[in-house]
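# Summary of structural features
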Amino acid sequence: MNHSAGSADPRLVDAVRTRLAEDGSQPTPAHVAAAVRAEGGVLGDAEVLALSSALRAELAGAGPLEPLLRDPEITDILVNRPEEVWVDAGDGLRRVGVRFSDEAAVRRLAQRLAGAAGRRLDDAAPYVDARLPDGIRLHAVLPPVASEGTCVSLRMPRRRAFTLAELVAAGTVPAAGAHLLRALVTARVAFLVTGGTGSGKTTLLSAMLSLVDPGERVILAEDSAELRPAHEHVVRLETRPPNVEGAGGVTLHQLVRQALRMRPDRLVVGEVRGAEVVDLLAALNTGHEGGCGTLHANTALDVPARLEALAGAAGLHREALHSQLAAAHGVVVHLVRDRASRLRRVAEVCILRPGENALVTAVPAVTFGSDGRLVHGDGAAELADRLAGRSTADREAILGGEAPVELGPAGGGTPPAAGRG
């Protein structure tokens, strides 16, 4: 009796898989056919080819997830249980019909991917966070830590940087606000791109870094290489986890310190999340203008408190943190994700201003209205002063927000419906 790969007797498939593993054979059609015959099974040529392809994906690839990995629109793949797989293609999470045969298949995939990244995943080390050789970010958790079964999260690497014009076309940035974002980069103002998870922080930061003068040296320090600015002179530094003996790890804090010795014109921290905030602030106050990064924050007003918490954990006192924040004259570009339309968009630009108690607060300078117009806030005049190097006419255009800015055609491809955070 013939079987297709999808309907083949699971016991035969398991037996073929085990035989190939014991022999050390690759799942080629010839080896699969020989293993099927050895197990007493009968499959036609088409079924053997289909089974060979499925086993090759399982033994050397991503198994049932292979078609999803080849989809250029998908940015995230989440496996919660063998029968529950979700993806995000820029329009929010949606469940897909992909299924694994059982929990053991999900566990095997997680362990194989961890091994490809040079990491260990077993009962003694039940979770892993690593980057695969092709740039995919892997996170996996095994039972009993994941009580309902092995969980796997995959984040695809960004294929290319989107231009500011494309983000305008997608609705992420209003045309009237694009000139302001360009001016922040040109004026070498220190800034943080903030927002919640999946709000598009990395996408926007990559687009803004693409506007940096080609003659400047941009050094990126990241946990995972996600920033993809279209720039001629970029040096990428990436953290490294410790090996199985717990040695050899390189932290983001260490990377930032090394980057400062590499003659950066622009020091960029992919995501500020720990002790590196101390070195970044020190750099911004010692002549390294135009430094930037991303930060998780629910609102722009939460940014000082988030930085305070990170700096405090790194041993920097509250007063010292606020003093350095004030001296850096930083700006916050905050993104939100509209739950109704699922659109990620820039919501406001704030300045970091010290108050009477010497504590820095985020003061709205320009709010990006849903109709595309810019609404001035209490910090608008101060933001204009920080762009003082620009001409008076340019400053008025940047902060006036009355006329849309001509940015030229998009750089090719379909504008992203939503960026990643």
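Below: a short report on this structure. (Residues numbered from 1 in each chain as written. Predicted model: local features only at pLDDT ≥ 70, side-chain atom pairs only at ≥ 80, totals over all residues. Heavy atoms only, no water.)

### What to know about unusual backbone geometry
- P144 follows P143 through a cis peptide bond whose omega is 0°.
- Counting through the fold element by element, P144 comes out in the loop between strand 5 (137-141) and strand 6 (151-155).
- The backbone of R263 shows a phi angle near 55°, a positive value even though the residue is not glycine.
- When you line up the elements, R263 lands in the loop between helix 9 (252-259) and strand 10 (266-269).
- Residue R263 is classed as exposed on the basis of its relative accessible area, which comes to 55%.
- Backbone geometry places A358, a non-glycine residue, at a positive phi of 70°.
- Inspection of the secondary structure puts A358 in the loop between strand 13 (344-354) and strand 14 (360-368). (Helix = DSSP H or I, 4+ residues; strand = E, 2+ residues; numbered from the N terminus. Buried < 20%, exposed > 50% of the residue type's maximum accessible area, 1.4 Å probe, protein only.)

### Looking at the nonpolar core
- Counting 39 residues, the largest nonpolar core has L181, L204 and L383 as its most contacted members.
- Breaking this core down by element, the ones donating at least two residues are helix 6 (164-170), helix 7 (175-186), strand 7 (191-195), helix 8 (201-209), strand 8 (218-222), strand 12 (331-337), strand 13 and strand 14.
- With seven residues, helix 7 is the single largest residue contributor to this core.
- With 35 residues, the next largest nonpolar core counts L252, A259, L267 and V360 among its residues. (Core = buried A, V, L, I, M, F, W, Y, C linked by side-chain atoms within 4.5 Å.)

### Concerning empty space enclosed by the protein
- The final tally for this structure, using the stated rule, is two cavities of 30 Å³ or more.
- Space inside the largest cavity adds up to approximately 150 Å³.
- Mapped by element, the contributors of at least two residues to the lining of the largest cavity are strand 7, helix 10 (276-284) and helix 12 (318-328).
- Examining the composition of the lining of the largest cavity, we find that four residues originate from one element, helix 10, more than from any other. (1 Å grid on protein atoms, 1.4 Å probe; cavity = no way out; pocket = protein on both sides within 12 Å on 5 of 7 lines; lining within 4 Å. Points joined across faces, edges and corners; volume = space filled by probe spheres on them.)

### Considerations on the sheet that holds strand 4 (residues 127-131)
- An order of 3-2-1-6-5-4 is seen for the six strands of this open sheet, with the pairing classed as antiparallel. At either end of the open sheet lies a strand with only one pairing partner, and these are strand 3 (93-96) and strand 4. For this sheet the average axis-to-axis angle between neighbouring strands, irrespective of direction, equals 15°. (Pairing = 2+ DSSP bridges. Axes fitted to C-alpha atoms, helices over the stretch in contact; angles between N-to-C directions.)

### Re the pairing of strand 11 (residues 292-296)
- In terms of burial, strand 11 is largely enclosed, as four of its five residues are buried.
- Where strand 7 meets strand 11, five bridges bridge the pair, whose relative direction is parallel. Its bridge partner lying in strand 11, T194 is registered against L295.
- Relative to strand 11, strand 10 runs parallel, the two being bridged by two bridges. The partner of V268 across the bridge, within strand 11, is C292.
- In this fold, strand 10 hands off to helix 10, which returns the chain to strand 11; that crossover is right-handed. (Right-handed = clockwise from strand over helix to strand, strands pointing away.)

### Overview of the packing of helix 9 against helix 10
- The interhelical angle for the contact between helix 9 and helix 10, taken along N-to-C directions, is 20°, at an axis separation of 8 Å. One element, helix 9, and the other, helix 10, form an angle in the roughly parallel class. In this structure, the crossing between helix 9 and helix 10 has a hand that is left-handed. Residues L252, H253, V256 and R257 of helix 9 pack against E276, D279 and L280 of helix 10.
- Considered class by class, the residues forming the contact of helix 9 with helix 10 number three nonpolar, one polar and three charged. (Parallel < 35°, antiparallel > 145°, perpendicular 65-115°, else oblique. Left-handed = near helix turned anticlockwise from the far one by under 90°. Contact = heavy atoms within 4.5 Å. Nonpolar A, V, L, I, M, F, W, Y, C, P; charged D, E, K, R; others polar.)

### What about the pairing of strand 1 (residues 76-81)?
- As paired elements, strand 1 and strand 6 share four bridges and run antiparallel to each other. By the bridge assignment, L78 is partnered in strand 6 with S153.
- Between strand 1 and strand 2 (residues 84-88), which pair antiparallel in sequence order, lie two residues.

### A word on the pattern of salt bridges
- For the coordinates displayed, the defined rule picks out 20 salt bridges.
- Of the charged contacts, one joins E289 and R188 as a salt bridge, the two residues approaching to 3.6 Å between their closest N and O atoms. Taken together, the positions of E289 in the loop between helix 10 and strand 11 and R188 in the loop between helix 7 and strand 7 put the pair 101 residues apart, joining distant regions of the chain.
- Among the residues examined, E289 registers a relative accessible area of 46% and is labelled partly exposed.
- The exposure class assigned to R188 is partly exposed, which follows from its relative accessible area of 23%.
- D223 serves as the salt-bridge partner of R273, at 3.5 Å between the closest nitrogen and oxygen. In this pair, R273 is assigned in the loop between strand 10 and helix 10 and D223 in the loop between strand 8 and strand 9 (234-238), connecting sequence segments 50 residues apart. (Salt bridge = Lys/Arg side-chain N within 4 Å of Asp/Glu carboxyl O.)

### Remarks on the side chain of T75
- Note on placement: T75 falls in the loop between helix 4 (66-69) and strand 1.
- Classification of T75 by relative accessible area gives buried; the value is 18%.
- Within the local environment of T75, its side chain forms a polar contact with the side chain of D76, the two groups lying 2.9 Å apart. (Polar contact = N/O pair within 3.5 Å; in protein donor to acceptor, adjacent residues only side chain to side chain.)

### Focus on helix 7
- Taking 1.5 Å of rise per residue, the twelve residues of helix 7 would be expected to cover 16 Å, and the 17 Å separating its terminal C-alpha atoms lies within 8% of that figure.
- Of all twelve residues making up helix 7, nine are buried, and the element is well covered by its neighbours.
- The set of residues buried in helix 7 consists of A176, G177, A178, H179, L180, L181, A183, L184 and V185.
- A positive backbone phi angle near 60° is found at R188, which sits one or two residues after helix 7. (Expected span 1.5 Å × (residues − 1).)

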